[in-house]
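# A structural walkthrough
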Amino acid sequence: MEKSQGKRENWGSRFGFLMAAAGSAVGLGNIWRFPYMTGKNGGGAFILIYAVFALVIGLSIMVAEFAIGRRTSLAAVGAYKKYSKNWTFAGVLGVLSAFFIMGFYPVVGGWSLAYIFKSVTGLLADQGAIEGIFGSFISASGEPIIWMAIYLFINVFIVAKGVAGGIEKASSILMPTLFVLFIFIAIRSVTLPGAGAGLEFIFKPDFSEVTGSTFLAALGQAFFSLSLGMGCMMTYGSYLNKEENLPNNALLVTLMDTSVALLSGIAIFPALFAFGMEPAQGPGLVFVVVPSLFAQMGTLGPLFSVVFFIALTVAALTSSVSLLEVVVAYLMDERQMPRKKSVSIAGGIMVITGMLSSLSMGALSGVSIFGVGFFDFFDILTDKIFLAIGGLLLAVFVGWFVNKEDLKDELTNSGTVSFGLFEVWYGVVKYVIPVAIAIVAVMGIMAIEQTSLMIFGVGLIVLLAAISKKL
Ligand code: PHE
C-alpha cells in the first residue's frame, strides 16, 4: 500500500516492534565491529567503558528517541521540525548519518553473504589460507561489488514492502533464529582448549592502555550498536501505537543488544587466543577467526560456518533495513514521495557509495579523502563524529527545549503506566549526557589521528546548522 499521506503505518504487534527495534540494534555492529574494536582497544577495559555508556547514555537516549518519535508520529527531520525549525538540522544530520553508514554497511553485509557460499566451496579446506583468501576477496574489483549489490537489493525489497509487512515480518523470524544460533556458537568456542586466555582478555580489564580515543571509540560503538544518535529509533517509535510502554521496550532492546555484543566477544576471543591470532587485526577479524574455528571441526565445519554466516547476514539485514528506512521515511514524510519511489532512489544512490567503499579496499586504495579511503571515510565520519554529536543534540533538545510535562505524558502513556525513574532519566538527559558527550568528544577528537576528517565532519554539522531554516 503506498501511503505517503493519510494514516501513518503502524507495527502489527508488540512482539513485532520489539523484534524490529532489537533487529535494528543487533547487527554487524555487535558481531563484526564490536569484537574488532575490542581487539584494537585492549579488551576488557574497552568493554567495561562501552557497557557503562550503553546502559547509562544509550538507554536514556533510546527512551528519548522513542518518546519524540511517538509523540510527533514523524521520522527524524519532521519530528525536530515540528518543535522548531531551528532544530531541523539535527534531523537532517541523522538522515545524512543513515546515508553514510549505508555507504559501507552493505559492503560488509555483502562479504557476509558471500561467506555463506564460500563456507561450502573450499574456504575451510586449509586453515592457513583463510586470512589470505579474505584479503584477496575484499580487494577484488568484481566479486565483492556483486555481493554488495545483491545484499542491497534484499534491503530494497524488504523496505519496499513497508513497515509491518516487510521489516516486521522479516525481523520476527530472523531475530529469534539468530539468538539460538549464537548461543550455540559461543558454547563451542569456550570449550576449545586454550580458550581461557580469550575469556581473560575480555573479562579482566587492563586500564593501562586507556586513552581519550578509547572513550570516544566506546561511545561511538555504543551509539552505533544501539542504532542511536541518527533518528532511527525515533523513526521506529513513530510507527508505534500509544499503548506500548516505551521505557520497558528501550530497556529490553538495550539489554538484548548488549548481550549479543558480549556473546560475540565470548564466541570470538577464546577461539582467537586458542589459535594464537592477533586481536588487533581490524575489520577482517570475524571473517578470519570464525572460519578458522570451523576449519578445525572437520566435516561438520562447513555446516557450522554456513549457519554462522547466515546468522551474521540476517543480523546485518535487520539493521540495514532500519538505516534505509530512515532515508525512506524522510523522503516520504518531508518530500511526499510514495514508498516505492523513495526506496528506489535511496537504494540507487547507495549502490554507488557502496561501490566506492568496496573499491577502496583494492582498486581505489590510493584515493584518499581527508586522509582515508572511502570505506573509512563513511565509517569514521559517522561512528566517531555524527552519532555522538547527534546524541548530544538530541539530549540538549529533549532536556532543554521540549516541555517536561509532555515528556512525562508520553513516557507514562498519559499516566496509565508508571515510569518511576522519570526524574532520574530526565536529569541524565538534561545534564549528564550533554556534559559527558562533550568531554568524551573533545578528549577523543584531540587524541584521534584523522584530524582533517574531524574538522570536515564538525564543519559539515556547523554548516547544516547555519542553513537549518532552509532545510
Ligand atoms: N545498530 C546496527 C548494528 O549494530 C547499526 C545501525 C546503526 C543501525 C545506526 C541503525 C542505525 O549493526
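Below or above, wherever it landed, is the structure these notes cover. Sequence order as written defines the numbering, with residues in each chain counted from 1. Reporting of local features is limited, given that this is a predicted model, to residues whose pLDDT is at least 70; pairs of side-chain atoms are given and counted only at 80 or more, and all residues count toward the totals for whole chains, interfaces and linings. Side-chain measures were taken over the full set of non-hydrogen atoms in the model, leaving aside hydrogen atoms and water.

Each aromatic pair joins two rings of Phe, Tyr and Trp (for Trp, the six-membered one) with centres within 6.5 Å, and gets the label stacked for planes under 30 degrees apart, edge-to-face for over 60, and tilted for any other angle. Overall, the coordinates contain 44 aromatic pairs when judged by the stated rule. Measuring from ring centre to ring centre gives 6.3 Å for F104 and F224, while their planes differ by 20°; the resulting arrangement is stacked. Within this pair, whereas F104 is found in helix α5 (residues 88–118), its partner F224 is found in helix α10 (residues 212–225), the two being separated by 120 residues in sequence. When accessible area is computed with a 1.4 Å probe and restricted to protein chains, residues below 20% of their type maximum are described as buried, those above 50% as exposed, and intermediate ones as partly exposed. Overall, F104 belongs to the buried group, its relative accessible area being 0%. Each helix is a run of DSSP H or I of at least 4 residues and each strand a run of E of at least 2, with the numbering of both proceeding from the N terminus.

With that settled, consider the site of the ligand. Near the ligand you find 16 residues, and of these A25, G29, Y105, F224 and S227 are the closest. By the criterion applied in these results, polar contacts are pairs of N or O atoms within 3.5 Å in which, for protein atoms, one can donate a hydrogen and the other can accept it, and in which residues neighboring in sequence qualify only through two side-chain atoms. Here a nitrogen atom of the ligand sits 3.1 Å away from a polar atom, N or O, in the main chain of S24. A distance of 3.0 Å separates a nitrogen atom of the ligand from a polar backbone atom of S225. In isolation the ligand has 320 Å² of accessible area, and contact with the protein removes 100% of it. Among the secondary structure elements, those contributing two or more residues to the shell around the ligand are α1 (14–25), α2 (28–40), α5, α10 and α14 (301–335). We call Asp, Glu, Lys and Arg charged. Ala, Val, Leu, Ile, Met, Phe, Trp, Tyr, Cys and Pro are nonpolar, and the rest, Gly among them, are polar. The residue inventory of the shell around the ligand, partitioned by class, reads eight nonpolar, eight polar and no charged. The criterion for a residue being near a molecule or strand is simple. One of its heavy atoms has to lie within 4 Å of it. Only the protein chains shown count as covering a residue, and every accessible area follows the Shrake-Rupley method with a 1.4 Å probe.

Considered for burial, the residues of helix α6 (residues 130–139) that qualify are I130, F134, F137 and I138. Viewed end-on, α6 has its buried residues packed into an arc of 85°, placing them on one side of the element. The directions considered for the arc run from the helix axis to the C-beta atoms.

Relative orientation of the contacting elements helix α9 (residues 196–203) and helix α12 (residues 246–274) amounts to 130°, with a least axis distance of 6 Å. Taken together, the axis directions place α9 and α12 in an arrangement best described as oblique. Crossing angle aside, the handedness with which α9 passes α12 is right-handed. Where α9 abuts α12, its residues A197, G198, L199, F201, I202 and F203 lie against G265, I266, F269, P270 and F273. Split into classes, the residues belonging to the contact of α9 with α12 amount to nine nonpolar, two polar and no charged. Simply put, an axis is a line fit to the C-alpha atoms, just over the touching stretch for a helix, and the angle between two N-to-C directions goes from 0 to 180 degrees. Just so you know how the angles are binned, under 35 degrees is roughly parallel, over 145 roughly antiparallel, 65 to 115 roughly perpendicular, and the rest oblique. In this scheme, a crossing is called left-handed if the near helix is turned counterclockwise away from the far one by less than a right angle; it is called right-handed if the turn is clockwise. Working rule for contacts: check all heavy atoms of both residues, and any pair within 4.5 Å makes them a contact.

This part covers unusual backbone geometry. A positive phi is found at S227, a non-glycine position, where the angle reads about 60°. Tracing the backbone through its elements, the reader meets S227 in the loop between α10 and α11 (232–238). S227 gets classed as buried once you look at its relative accessible area, which sits at 8%. Despite not being glycine, S414 has its phi angle at roughly 55°, a positive value. As for its position among the elements, S414 is in the loop between α17 (404–411) and α18 (422–447).

Okay, the environment of S342 next. Following the sequence through the fold, S342 ends up in helix α15 (residues 339–359). Taking the C-alpha atoms as reference points, S342 and A329, separated by 13 residues in sequence, lie 8.1 Å from one another.

Moving on, we get to the packing of α2 against helix α3 (residues 44–72). At their nearest, the axes of α2 and α3 sit 7 Å apart, and the two run at 130° to each other. Considering the angle they form, α2 stands oblique to α3. α3 is crossed by α2, and the crossing has right-handed handedness. Across the interface between the two elements, F34, M37 and T38 from α2 touch F46, I47 and Y50 from α3.

Only residues whose relative accessible area exceeds 30% and that form no salt bridge are eligible for patches; like-charged ones are grouped when within 9 Å, while nonpolar side chains (Val, Leu, Ile, Met, Phe, Trp, Tyr) are grouped when within 5 Å. Here, a salt bridge means any Lys or Arg side-chain nitrogen found within 4 Å of an Asp or Glu carboxyl oxygen. On the surface, a nonpolar cluster with roughly 390 Å² of combined accessible area is contributed by V52, L55, V56, L251 and L255. Secondary structure elements with two or more residues in the nonpolar patch: α3 and α12. No other element matches the three residues that α3 contributes to the nonpolar patch. Mapped onto the fold, L255 is located in helix α12. Take L255: its relative accessible area is 43%, and that puts it in the partly exposed class.

Moving on, we come to the nonpolar core. Buried residues of nine kinds, namely Ala, Val, Leu, Ile, Met, Phe, Trp, Tyr and Cys, make up a nonpolar core once their side-chain atoms join them within 4.5 Å. W111, F308 and W425 are the most contacted members of the largest nonpolar core, which totals 175 residues. Of all the elements, α5 adds the most residues to this core, at 19 residues. Aside from chain neighbours lying at most four places away, what touches W425 is S60, V63, A64, V398, L407, L411 and F419.

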